[in-house]
Amino acid sequence: DVTDVNEAPTMGPTTRSVKENAAVGLAVGGAVVAQDVDAGTIISYSFVSNPGSFFSIESGGGQIRVAKGLDFETKPVHTLTVRATDNGSPSKYCDAVVTINVEDTTEPPTIAAQSATVREDAAVGSRVLAVVVEDEDVGDSHTCTITEGNIGSMFALKPVSGSTSSFLCEVIVGPSGLDFEKASKAVLKIIAADSSDPPNTGFGLITVSVTDVNEAPVITDSSAGRAVSALAVKGSPIGSPLAFGDP
């Protein structure tokens, strides 16, 4: 008689792909499958190596799933080792390498909240502060726009070239100039759009405080004439009092 001997399952290396914005629990391609020549064998699956624990595997079916957030920019490739174990006596197993490629997706730019202070007599075009637009997608270009809070066009944006990972735009004094008496503070909402199609957008709030500057008074009726009698005595008023204004 020939006595049956439990033989180890077999499983070859395989590759899967998944997008970096895949939700936790999403299946990563099809299940990994081991072969076993022993009829009726039940195979269970587990990880021998799963660096960072970014993935899980179903013991009974070999389906790999996303276990936590992925990021193409920090780790575009994950190399796992999967073990397939049979239910023989004694049990046998085999290991195989599963390579998971993370696919890049476009991500929105970000602008951190900032604040600055500027004198109300700052010249038109003067720099107020630099706004840094951060984007994980290297190589994207950006455009910036002030969409809210720009009272009377007090401010404007000027693009400035930055590094490969950031884009700078400067907030400058706008064409109408500044006036503390009209607006002592402005909270600007700045939107950055990247070069994706369609573009991704992000925004930040920039708070600019305007400081008061003492300004000279002005005569408001300087063009008005005054008449005086030739018989007027010393100390007599000459017409109505001059009118003054002070911003």
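The sections below set out a description of the structure shown in this document. (Residues numbered from 1 in each chain as written. Predicted model: local features only at pLDDT ≥ 70, side-chain atom pairs only at ≥ 80, totals over all residues. Heavy atoms only, no water.)

**Digging into the overall build of the protein chain**
And then number 1: When helices and strands are counted, the protein chain shows 0 helices and 16 strands.
And then number 2: Split into buried and exposed, the 247 residues of the protein chain put 32% on the buried side.
And then number 3: A separation of at least 24 residues holds for 64% of the contacts in the protein chain among residues at least 6 apart in sequence.
And then number 4: Here the protein chain displays about 14200 Å² of accessible surface, and carbon together with sulfur accounts for 55% of that area. (Helix = DSSP H or I, 4+ residues; strand = E, 2+ residues; numbered from the N terminus. Buried < 20%, exposed > 50% of the residue type's maximum accessible area, 1.4 Å probe, protein only. Contact = heavy atoms within 4.5 Å. Areas by Shrake-Rupley, 256 points an atom, 1.4 Å probe, with all protein chains shown as cover.)

**Focus on a nonpolar patch on the surface**
And then number 1: A contiguous nonpolar patch, built from Val187, Phe203 and Leu205 and spanning about 260 Å² of accessible area, is present on the exposed surface.
And then number 2: Among the structural elements, leucine 205 can be located in strand β14 (residues 201–211). (Patch = residues over 30% accessible without salt bridge, like charges linked within 9 Å, V, L, I, M, F, W, Y side chains within 5 Å. Salt bridge = Lys/Arg side-chain N within 4 Å of Asp/Glu carboxyl O.)

**Describing the pattern of salt bridges**
Close approach of charged atoms lets side chains of opposite charge pair.
And then number 1: As enumerated under the stated definition, the model contains 6 salt bridges in all.
And then number 2: For arginine 83, the salt bridge identified is with aspartate 95, shortest N-O distance 2.8 Å. Here aspartate 95 lies in strand β6 (residues 93–103) and arginine 83 lies in strand β5 (residues 77–86), a separation of 12 residues in the sequence.
And then number 3: On the basis of relative accessibility, which here comes to 34%, the residue aspartate 95 falls in the partly exposed class.
And then number 4: Note that arginine 127 and glutamate 170 form a salt bridge whose closest N and O atoms lie 3.1 Å from each other. Taken together, the residues span a long stretch of sequence, with arginine 127 in strand β9 (residues 127–134) and glutamate 170 in strand β12 (residues 166–173) at a distance of 43 residues.

**Focus on the sheet that holds strand β2 (residues 43–49)**
And then number 1: The strand order across the open sheet built from 4 strands is β1-β6-β5-β2, with neighbouring strands paired in mixed fashion. Strands with a single pairing partner mark the edges of an open sheet, and in this sheet they are β1 (14–19) and β2. Across this sheet, the average inter-strand angle for adjacent strands is 35 degrees, counted without regard to direction.
And then number 2: Pairing analysis gives 6 bridges linking β1 to β6, with the strands arranged parallel. Within β6, the residue paired with threonine 14 across the bridge is valine 98. (Pairing = 2+ DSSP bridges. Axes fitted to C-alpha atoms, helices over the stretch in contact; angles between N-to-C directions.)

**Structural notes on the nonpolar core**
And then number 1: With 23 residues, the main nonpolar core has Val128, Phe155, Val171, Leu188 and Ile190 as its most contacted residues.
And then number 2: Breaking this core down by element, the ones donating at least two residues are β8 (114–119), β9, β10 (142–148), β12, β13 (185–194) and β14.
And then number 3: Once residues lying within four places of it in the same chain are set aside, the contact partners of valine 171 are Ser126, Arg127, Val128, Leu129, Val131, Phe155, Ala156, Leu157, Leu188 and Ile190.
And then number 4: With 22 residues, the next largest nonpolar core counts Val32, Ala84, Val98 and Ile100 among its residues. (Core = buried A, V, L, I, M, F, W, Y, C linked by side-chain atoms within 4.5 Å.)

**Examining the environment of valine 102**
And then number 1: Along the chain, the position of valine 102 falls in strand β6.
And then number 2: Through-space distance from the C-alpha of valine 102 to that of glutamate 73 is 9.3 Å; in sequence the pair is 29 residues apart.
And then number 3: Residues within four places of valine 102 in sequence aside, it is in contact with Val18, Lys19, Glu20, Leu70, Asp71, Phe72, Lys75, Pro76 and His78.

**Thoughts on the side chain of histidine 142**
And then number 1: Tracing the backbone shows histidine 142 in strand β10.
And then number 2: Within polar-contact distance, the side chain of histidine 142 engages the side chain of aspartate 135 at 2.8 Å. (Polar contact = N/O pair within 3.5 Å; in protein donor to acceptor, adjacent residues only side chain to side chain.)

**As for the packing of aromatic side chains**
And then number 1: Scanning the model with the defined rule gives 0 aromatic pairs in all.
And then number 2: For the cation-ring pair, lysine 68 lies above phenylalanine 54, with the distance from its terminal atom to the ring centre recorded as 4.8 Å.
And then number 3: Across the ring face of tyrosine 93, the terminal group of arginine 83 is positioned such that the distance to the ring centre comes to 3.9 Å. (Phe/Tyr/Trp six-rings, centres within 6.5 Å; stacked < 30°, edge-to-face > 60°. Lys NZ or Arg CZ within 6 Å of the ring centre and 35° of its normal.)

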